[in-house]
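This is what each chain is made of:
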Amino acid sequence: QVQLAESGGGLVQAGGSLRLSCAASGMIYSINAMGWYRQAPGKQRELVATISSGGSTNYTDSVKGRFTIPRDNAKNTVYLQMNSLKPEDTAVYYCNARTYRVDYWGKGTQVTVSS
C-alpha cells in the first residue's frame, strides 16, 4: 500500500502562484511514477503533470511553461509549482502514485483562482 498526503491548495488571484505538496509513505519502492491530476466541476479528471522514477517529466499543454513538478527524494515528496495561474486552473488537484499493479490517489486539494 502507498499513502499520499496532499497539502497546499487554496485561493489565489489570477497571475499568482501556489505550490502543492504530496508526501508518499508506505511501499514507496513500488512507485514507478508520480503525478498530479485535476478535476474541474462538470469535467473529467485530467492529467496535469507527471514525473517518472528516472526523473522524466510530462505536462499537459495548457500548463507548459507555467507549472513544474519538482521532487525531493529524501522526503518522498513531489510538488506542483504553479505560476501565472489562470481562472481555468480552478479545480480539485489529486496526487497520483503509479505502481505496476495499481494507481494510488490522494484525497485531493482545492485550488481556486479568482479573476
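What counts, and where the lines are drawn
Per chain, residue numbering runs from 1 following the sequence as it is written. Only residues with pLDDT of 70 or above have their local features reported here, since the model is predicted, and side-chain atom pairs are shown and tallied only from 80 upward, although totals for entire chains, interfaces and linings are computed over all residues. Each side-chain value is worked out from all heavy atoms of the structure, with water and hydrogens disregarded. Here a helix means four or more residues in a row that DSSP labels H or I, a strand means two or more in a row labelled E, and each is numbered from the N terminus. The reference for a compact globule is 2.2 Å times residues^0.38; the radius of gyration itself is calculated from the C-alpha atoms. Think of it in three bands: with a 1.4 Å probe and only protein chains considered, a residue is buried below 20% of the maximum accessible area for its type, exposed above 50%, and partly exposed in between. Contacts are residue-level and defined by heavy atoms, with any inter-residue pair within 4.5 Å sufficient. Here, Shrake-Rupley sampling with a 1.4 Å probe gives the accessible areas, and only protein chains in the shown set may cover a residue. Note on disulfides: each one is a pair of cysteine sulfur atoms within 2.5 Å. Aromatic contacts are taken between Phe, Tyr and Trp rings whose centres are within 6.5 Å, Trp giving its six-membered ring; a plane angle under 30 degrees counts as stacked, one over 60 as edge-to-face, and the others as tilted. Whether a charge lies above a ring is judged from NZ of Lys or CZ of Arg, which has to be within 6 Å of the ring centre and within 35 degrees of the ring normal. In plain words, nonpolar cores are sets of buried Ala, Val, Leu, Ile, Met, Phe, Trp, Tyr and Cys residues tied together by side-chain atoms within 4.5 Å.

J.: Would you take a moment to explain the overall build of the protein chain for this structure?
T.: Scanning the protein chain from terminus to terminus reveals zero helices and 12 strands. On C-alpha atoms alone, the protein chain measures out to a radius of gyration of 13 Å, which is about the 13 Å that the 2.2 N^0.38 rule sets for 115 residues. Seen through its C-alpha atoms, the protein chain measures out along the principal axes to roughly 40 × 25 × 20 Å. The 115 residues of the protein chain split such that 41% are buried. Long-range contacts, defined here as pairs at least 24 residues apart, represent 52% of the contacts in the protein chain between residues at least 6 apart. Total accessible area on the protein chain stands at roughly 6,300 Å², and carbon and sulfur atoms take up 48% of it.

J.: Explain the state of the cysteines to me, please; I cannot follow it from the model alone.
T.: Cysteine pairs can be covalently joined through their sulfur atoms, and such a bond is termed a disulfide. Enumeration according to the criterion identifies one disulfide in this entry. The disulfide partner of C22 is C95, and the gap between their sulfur atoms is 2.0 Å. Disulfide C22-C95: the torsion about the S-S bond is -80°, which places it as left-handed. Residue C22 is located in strand β3 (residues 18–26), and its partner C95 is located in strand β10 (residues 91–98); the two are separated by 73 residues in the primary sequence. Each member of the pair, C22 as well as C95, carries the same accessibility label: buried.

J.: Which parts of the structure should I look at to understand the packing of aromatic side chains?
T.: Aromatic ring pairs: the centre-centre distance and the angle between the two ring planes describe each pair. Within the structure shown, the criterion is met by one aromatic pair. With a centroid separation of 5.0 Å and 70° between ring planes, the pair formed by Y37 and W105 is classed as edge-to-face. Remark: W105 occurs in strand β11 (residues 103–105) and Y37 occurs in strand β4 (residues 33–39); sequence separation between them is 68 residues. Assessed through its relative accessible area of 35%, W105 is described here as partly exposed. One Lys or Arg, R45, reaches over the ring of Y94 and ends 3.7 Å from the middle of that ring. Over the aromatic face of W105 sits the side chain of R45, whose NZ or CZ is 4.6 Å from the ring centroid.

J.: What exactly am I supposed to notice about the nonpolar core here?
T.: Among soluble globular proteins, nonpolar side chains are generally buried collectively. Ranked by size, the top nonpolar core spans 29 residues in total, and within it L4, M34, W36, L80, M82 and Y93 carry the most contacts. Leave out the neighbours within four places in its chain, and M34 touches L4, C22, A24, A49, T50, I51, I69, V78, C95, N96 and A97.

J.: Looking at this model, I keep getting lost on the environment of L85. Mind explaining?
T.: Residue placement: L85 occurs in the loop between β9 (77–82) and β10. Owing to a relative accessible area of 2%, L85 belongs among the buried residues under this scheme. Residues L85 and R45, spaced 40 residues apart in sequence, show a C-alpha to C-alpha distance of 18 Å.

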